[in-house]
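Results of the structural survey
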Amino acid sequence: MTTHHEIPSYLTPHEIGPWGDYITQIERVTPYLGSLSRWVETLKRPKRILVVDVPIERDDGTIAHFEGYRVQHNTSRGPGKGGVRFHQNVTLSEVMALSAWMTIKTAAANVPYGGAKGGIRVDPKTLSQGELQRMTRRYTSEIGIIIGPNKDIPAPDVNTNEQVMAWMMDTYSMNEGSTATGVVTGKPISLGGSLGRREATGRGVFVVGEGAANRIGLDIKGAKIAVQGFGNVGGVAAKLFYEAGAKIVAVQDHAGTVFHSNGLDVIKLQAHIKETGSVAGFAGAEEKMSRENFWDVQCDIMIPAALEQQITEHNAHRIRAKIILEGANGPTTPKADDILDDKGVLVVPDVIANAGGVTVSYFEWVQDFSSYFWTEDEINLRLTRIMSEAFEAVCHVAEDKKVSLRTAAFLIGCTRVLQAREMRGLYP
Ligand SMILES: NC(=O)c1ccc[n+]([C@@H]2O[C@H](COP(=O)([O-])OP(=O)(O)OC[C@H]3O[C@@H](n4cnc5c(N)ncnc54)[C@H](O)[C@@H]3O)[C@@H](O)[C@H]2O)c1
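About the thresholds
Residues numbered from 1 in each chain as written. Predicted model: local features only at pLDDT ≥ 70, side-chain atom pairs only at ≥ 80, totals over all residues. UniProt positions renumbered as here; feature names shortened; annotations may be inferred. Helix = DSSP H or I, 4+ residues; strand = E, 2+ residues; numbered from the N terminus. Buried ≥ 20, exposed ≤ 12 C-beta atoms within 10 Å, placed from the backbone. Contact = placed C-beta atoms within 7 Å. Core = buried A, V, L, I, M, F, W, Y, C linked by C-beta atoms within 7 Å. Domains from an automatic or database assignment. Nonpolar A, V, L, I, M, F, W, Y, C, P; charged D, E, K, R; others polar. Near = placed C-beta within 6 Å. Pairing = 2+ DSSP bridges. Axes fitted to C-alpha atoms, helices over the stretch in contact; angles between N-to-C directions.

In the annotation of an unreviewed UniProt entry, the entry for the protein chain reads Glutamate dehydrogenase, and the organism field reads Sapientia aquatica. Taken from UniProt, the Sequence similarities (unreviewed entry) comment for the protein chain reads in full: "Belongs to the Glu/Leu/Phe/Val dehydrogenases family."

Put into structure tokens, the structure is as follows:
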């Protein structure tokens, strides 16, 4: 009798996408799970998937429909937690994988959450502010049946920000009949947001990057860094490295790639992006660079901080960095991992490198519940401590088991989740 299928019927093998990468990562860690491997199937299927239709009236009076998702991958250790992405290429496979990486990440960083993620298949640049607000509110209302401060707590991700979180919080609160600030994190400070949350993911990337550089004897001062994605994560991480004396030699975003062998002026680049929406056309660049050539850049650290499946078997062999610091979720495919490993490149995996965001989201949630707010110094100090300790723990397991940092981080995360599952037992 077949007790389970490898791939759920709602995904097809040839369109398995990022979920396939996640499954391979789970298969790679399974031999190290000991007796807990009996529970590993629980990690290979999301607990709950909600697909919603999001209709809005456009400014011109026509009706548009968007596809929305909220996936709760695992809640063994606590409520679901994970961002909401607005992007034209959002798919179920992508949201499933992102929710699963949240499960591993919250466990590896030891914050008391499960894993979840949401998204709408839309290019928000094509919407007016009014349309964006109506879409956000209708989506929130549709997923309102499964989110809540104790159930599942959304946060910002690609193309969502504090304003979107404020609309989500307001919509949920209106439906509940009382203000529920703890339903989302990444809110504006004036609505129960936390100091340091906006910068938290980038700051965490920087802290872990310093730790990784230390391990291979690389001095951050003067180190050459290439960054893909210059938004909330990549932009903040680049600025912190720049302030620490590193040279940001190349930056790529959705619309362009800029390069300067002596390092770009990050402050001027940020001002240019604020004005034009992209790095393209930045006057401080030395030369124009094609999108493809980004992967050939001579650098010490490469920070993918855009989307998943960017470093693949087709470009991994070209990468000249000593460290890949994953700001994005799922930027490196398993095949690329193998190539980089053979080349001796140190890959610091997403589930640890970008865990700073969910860590300060946890602080925000705790502050909302107690209605007592901490100073930015307190937040940054606690963030730095949690990130450094989590990274050291991953390095320790990697050395002990002679595995990659990714498998080590998965080993720590999966063990915590499956221990919780085993202790709780199966209902009924
Ligand atoms: N925001 C967070 O707190 C957080 C936390 C953990 C992980 N992440 C992950 O970090 C990544 C970036 O998220 P963000 O919040 O910075 O998003 P963002 O919307 O602030 O920025 C995204 C950046 O990626 C660029 N980009 C988009 N498509 C691209 C492409 N095809 N090629 C190159 N660049 C492209 C955009 O131009 C932009 O600069 C995502 O993988 C996200 O899941 C975000």
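There is more to say after this.
Turning next to the overall build of the protein chain. Counting secondary structure elements, the protein chain contains 12 helices and 12 strands. Dimensions of the protein chain along its principal axes, counting C-alpha atoms only, are 55 × 55 × 45 Å. Looking at the 428 residues of the protein chain, the share that counts as buried comes to 51%. Long-range contacts, defined here as pairs at least 24 residues apart, represent 69% of the contacts in the protein chain between residues at least 6 apart.

Another point: the nonpolar core. Ile225 and Ile352 are the most contacted members of the largest nonpolar core, which has 121 residues in total. In terms of residue count, the dominant contributor to this core is helix α2 (residues 92–108) (11 residues). Per-domain counts for this core show at least three residues from each of domain 1 (46–193) and domain 2 (198–353). Look past the residues within four positions of isoleucine 225 in its chain and what remains in contact with it is Phe241, Ala246, Lys247, Ile248, Val249, Cys299, Asp300, Ile301 and Ile303.

Per the domain assignment, the segments making up the protein chain are domain 1 (46–193) and domain 2 (198–353). For domain 1 versus domain 2, the distance between C-alpha centres works out to 27 Å. Every contact between the two is made by eight residues of domain 1 and, on the other side, seven residues of domain 2. Here the side of domain 1 that touches domain 2 is composed, by residue class, of six nonpolar, no polar and two charged.

A separate point is the site of the ligand. The local shell around the ligand holds 23 residues, among which Gly229, Gly231, Asp253, Ala328 and Gly357 are the closest. In terms of residue count, the dominant contributor to the shell around the ligand is helix α6 (residues 232–243) (three residues). Here the shell around the ligand gathers at least three residues from each of two domains, domain 1 (46–193) and domain 2 (198–353).

A separate point is the sheet that holds strand β3 (residues 80–87). An order of β1-β2-β4-β3-β5 is seen for the five strands of this open sheet, with the pairing classed as mixed. With partners counted over all chains shown, the strands left at the sheet margins are β1 (48–57) and β5 (152–156), one partner each. Neighbour to neighbour, the strand axes of the sheet diverge by 20 degrees on average, direction disregarded. Against the sheet, helix α3 (residues 129–143) touches β1, β2 (63–74) and β4 (115–121), its axis set at about 145 degrees to β1.

Moving on: the UniProt feature "binding site: NAD(+)" (unreviewed entry) in the protein chain. The UniProt record marks Thr201 and Asn232 with the feature "binding site: NAD(+)" (unreviewed entry), using the residue numbering of this structure. Look at the named residues: they lie 32 residues apart in sequence, but the longest C-alpha span between them is just 7.8 Å, so in the fold they bunch up. Positionally, threonine 201 belongs in helix α5 (residues 197–215). We classify threonine 201 as buried; it has 31 C-beta atoms within 10 Å. Setting aside residues up to four positions removed in sequence, threonine 201 forms contacts with Asn232, Val233, Asn354, Gly356 and Gly357. With respect to the secondary-structure elements, asparagine 232 resides in helix α6. The exposure class of asparagine 232 is buried, given the 23 C-beta atoms found within 10 Å. Aside from chain neighbours lying at most four places away, what touches asparagine 232 is Pro156, Arg198, Thr201 and Gly202.

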